Structures are given as structure tokens and as C-alpha cells.
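Working through the structure, step by step
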Amino acid sequence: CASLASRDCNTYLRCLRKSVERMRKLSPISQALKGLLAGGQRRSFGSSAMRRMPVRFNEELPAFAALRDEGVWVEPAKQAPRSLPGMGTVRVGIVNLMPLKEPTELQLLRMMGRSPVMVDIDLIVPDDYVGKNTPPEYLQKFYKRFSDIKDDTYDGFILTGAPIEHLPFEEVGYWKELSAFMERVKDKREGLLSLCWGAMATLWYFHQIPKHMVSSKIFGLYKHDNMSPKAAMMQGLPLHIGVPVSRHTTWKDEDFEGKKGIEVLMHSDESGPSCVWDPELCHVHMINHFEYDRDTLHGEYLRDLTKGTPTGEPIHIPRHYYPADDPARVPPHKWASAGQVFYSNWLLTLMRNKAKREGVDL
């Protein structure tokens, strides 16, 4: 499959099905990987046919009905898993630090629900976390706290961003708790996908890569180079990828020089390094936003026009986003297929990591 990484996403997904079929007789855990091919509903990435698996979470969460209406296969968390042949499951915790919980929930759960892996989801926040825009009863109903999961084991976590880029990490109110969480992820050998500020936090904690404030917000749809097409996270993605970017901080190339154990997977000449892979820990640090909807950047642009930016600078039109740079025109969702491949690849790395933890050599 790696040899096809420079081709389109659909070619990769067809190749993926053949590869999983070859692995299916290796061991009991590989029967879970066979679930990528059998037992699920058929869905499509562009023109290619691909089996999909359900995402399971609290059916009272607003995202449940929204995704069901979109045709995404969702199942209630309280419902017993379907007994489908060869269906493997990964358990994922989403640590959602965004002030507006529902849009982030919808975007990430959509990515999980359109993947070829069955996913059980828990929503999580730190014990000391207080949502400024989220009623306490919403958090109490739908979210677990770090202390609730201390004895549980997950296959992986997604750690979102938060609008606190301007603060030194040590000044973040829940930094001590978050540091303890990151240590437990390492100790339990759980996978991790950190996003935006979350990626800055995890890359600093595990590898001492600093974040740097920029003078003007990096905002728009930026072309990125696929720096490692053979890497598990990047297989099936084109050599040049447009990815939504929205941040006031960045990583610098020189901070990665001489660093061992990590690899920059995606890089933009305009916005710098954006995705870093730690194969030993099964951690992906992604500073940008494949999960964004078509109109997310547009909504942020309108918000900043009205309320201003955190740094007080005038907001500019998102670069390379609107047709002819005209905010009145609907932007194309150019990153949709690539984004889904990226998240599906991450779930597959969790399955491989799960097999590794269980002592199975795939």
C-alpha cells in the first residue's frame, strides 16, 4: 500500500482492503482487522467501495441524531455491541477542551463514524475543568472526569485544542492534571491524537518542542507536503494536501533538528510543520484541522470580524479558502476525503498498537 501513497485516496482504500485480507489468517487479533472488510455496512470514499463500522456513544448527545440524519452509522453506548463476524472495536476517549462543545463533538464523531473501524466513545474533561460556555449539567450528563477513568484502559485518546495559546503551559489552570493524564497515557501505552493547542501541549510535554507566538494569525487553507508517504498515518494521502489552519502559534523547523524518536509527517512552506508522529508511543501531534466542516473557517472569520481576535489584530480573510477570495461565495470542501483517510489511518494505528500491547505480531 505504501507504494500507492502518491496516488489518490480511493486507490489507497482499495489497496487497504486487499492488505487486510492478506493479514486475516495471522492470529485471533487479526480477525478484528478483518472487520474492515466484512460485517459492516458499505460506504464510499469518492468512487471506491469500503466497509464502514458504527460509532457508539450516548444517544442523548445532540450529535447522535445529527449524524444519524446524515446517514452515519451510530449506535447507543448502552446497546450491546453487534455480533458481526470479525468486527474489532477500539475504545477512544475524546478529551474535549473546546469552549463550544457540540460543534467539536459533531466533527470528531463524524470522523469516527465514517471509518472502517468500530469505535466506542467516551467524552472526558479534567476534574478541575469548568466550561465557560457549557452548562455544568451538560458536562455532568455527557462527560466523564479524569478521576472517573483512572482505572480504565483505552486504545487511544483525542486531545482537542483550547483558546489558551497565549498562556505558558504552566499557567494553564488544569496543566498539572493534564500532565498526569499524559503520563498515564504513556504508562498504559495508549495511543494519542492531539489537535491544535493539544498538540502543542503534548509535543512540549513528551519532546520539549516549544510553541512560538506569531505576529499575525495563521488562518486559511494551506498547502502541505506529505513528507513520509510510507508512514502508517500518511498512506493513501496525496503528496500535496490542503489542510485548514487556525492558530496564533507555530512550531519552527529548527526545533526539530537533531530530535530523535519523532518524525514530521506534514509540512507547509507557509505555516510550518503541522503533523508529528511518534511511532514508539503511537502518538500523533496534529496542529491543524482535518476534521473541520466546510464552513468552520467561515464561521471563525465572521466571529473574529465581530468580536476581534485574542491578540487584538485585525482579522484577515482566510487564505486560499474562498473562491476568488470572496467571502460571499461558498468554499469547496477540498480536504474532506483526505481528512477521512487521515482519521481512518489513525484508528488503524490504534488497532495495530492494541495488538502489540496484547503481544500479537501482525
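Coordinates for the structure precede this section.
Quantities reported herein were computed from a predicted structural model and do not represent experimental measurements.

Along the chain, the regular secondary structure elements total 9 helices and 14 strands. Out of the 362 residues belonging to the chain, those deemed buried represent 56%. For the chain, restricting intrachain contacts to residue pairs at least 6 apart in sequence, the fraction spanning at least 24 positions comes to 71%.

Time to look at the packing of aromatic side chains. Within the structure shown, the criterion is met by 16 aromatic pairs. Plain terms: the ring middles of F57 and F64 are 5.4 Å apart, the flat faces sit at 65° to each other, and that makes the pair edge-to-face. Across the pair, F64 and F57 agree in class, each one buried. Ring geometry for Y205 against F206: centres 5.2 Å apart, planes inclined by 90°, an arrangement best described as edge-to-face. The class of Y205 is partly exposed, set by a relative accessible area of 25%. Since its relative accessible area comes to 14%, F206 is described here as buried. Through a chain of ring-to-ring contacts, the aromatic side chains of F146, Y154, F157 and F181 assemble into a single cluster. Sitting over the face of the ring of F169, K211 holds its NZ or CZ atom 5.1 Å from the ring centroid. We note K217 situated over the ring of F219; from NZ or CZ to the ring centre the distance is 4.4 Å.

What follows deals with the pattern of salt bridges. Under the definition given, this model contains 14 salt bridges. Measuring nitrogen to oxygen at the nearest pair gives 3.1 Å for the salt bridge that ties R91 to D122. You can see R91 sitting in strand 5 (residues 89–95) and its partner D122 sitting in strand 6 (residues 118–125), a full 31 residues away along the chain. Here R91 falls in the partly exposed class, since its relative accessible area comes to 26%. Measuring nitrogen to oxygen at the nearest pair gives 3.3 Å for the salt bridge that ties D151 to K150. Comparing D151 with K150 shows no difference in burial state: the two are exposed. A single salt-bridge network, built from bridges that share partners, covers E70, R110, R114 and D293.

To continue, consider unusual backbone geometry. Notably, C196 is not glycine yet its phi reads approximately 50°, a positive angle. With respect to the helices and strands, C196 occurs in the loop between strand 9 (191–195) and helix 7 (197–207).

Bringing the environment of Q208 into the picture now. With respect to the secondary-structure elements, Q208 resides in the loop between helix 7 and strand 10 (212–226). Along the primary structure Q208 and F256 are separated by 48 residues, whereas in three dimensions their C-alpha atoms are 9.8 Å apart. The residues touching Q208, leaving out its near neighbours within four places in the chain, are L203 and K259.

For the rest of this paragraph, the subject is the pairing of strand 11 (residues 240–250). By the criterion of burial, strand 11 is predominantly enclosed, with 9 of the 11 residues buried. With 10 bridges connecting them, strand 10 and strand 11 associate as antiparallel partners. When the bridges of strand 11 are listed, D225 appears paired with H240.

The end-to-end C-alpha distance of helix 4 (residues 101–113), which contains 13 residues, comes to 18 Å, matching closely the 18 Å that a straight helix rising 1.5 Å per residue would cover. Counting buried positions along helix 4 gives 11 out of 13 residues, so the element sits mostly inside the fold. For helix 4, every residue scored as buried is listed here: K101, T104, E105, L106, Q107, L108, L109, R110, M111, M112 and G113.

Once that is clear, we can look at helix 3 (residues 62–70). Turning to helix 3, its buried residues number three or more, namely A63, F64 and L67. Take helix 3 and look down its axis: the buried residues cluster within an arc of 105°, on one side only. Looking at the buried side of helix 3, the elements it contacts are strand 3 (55–57), strand 4 (74–76) and helix 4. Following helix 3 by one or two positions, G71 has its phi on the positive side, about 95°.

For the rest of this paragraph, the subject is the pairing of strand 14 (residues 283–286). Here strand 14 shows a buried face lined by H283 and H285 and a second buried face lined by V284 and M286. One ladder, built from 4 bridges, connects strand 9 with strand 14; its direction is parallel. Each bridged residue has a counterpart across the sheet, and for L193 the counterpart in strand 14 is V284. Between the antiparallel neighbours strand 13 (residues 272–278) and strand 14 lie 4 residues, among them C282 with a positive phi of about 60°.

We now examine the packing of helix 3 against helix 4. At a closest axis distance of 10 Å, the pairing of helix 3 and helix 4 adopts a crossing angle of 45°. Here helix 3 lies oblique to helix 4, going by the angle between them. Here helix 3 and helix 4 pass one another in a crossing that is right-handed. Within the contact between the two elements, helix 3 uses P62, A63, A66, L67 and E70 and helix 4 uses E102, L106, L109 and R110. Looking at side-chain class alone, the contact of helix 3 with helix 4 contains 6 nonpolar, no polar and 3 charged residues.

About the cut-offs
Residues numbered from 1 in each chain as written. Predicted model: local features only at pLDDT ≥ 70, side-chain atom pairs only at ≥ 80, totals over all residues. Heavy atoms only, no water. Helix = DSSP H or I, 4+ residues; strand = E, 2+ residues; numbered from the N terminus. Buried < 20%, exposed > 50% of the residue type's maximum accessible area, 1.4 Å probe, protein only. Contact = heavy atoms within 4.5 Å. Phe/Tyr/Trp six-rings, centres within 6.5 Å; stacked < 30°, edge-to-face > 60°. Lys NZ or Arg CZ within 6 Å of the ring centre and 35° of its normal. Salt bridge = Lys/Arg side-chain N within 4 Å of Asp/Glu carboxyl O. Pairing = 2+ DSSP bridges. Expected span 1.5 Å × (residues − 1). Arc of directions from axis to C-beta. Axes fitted to C-alpha atoms, helices over the stretch in contact; angles between N-to-C directions. Parallel < 35°, antiparallel > 145°, perpendicular 65-115°, else oblique. Left-handed = near helix turned anticlockwise from the far one by under 90°. Nonpolar A, V, L, I, M, F, W, Y, C, P; charged D, E, K, R; others polar.

Spatial relationships are all this shows, so hold off on functional conclusions.
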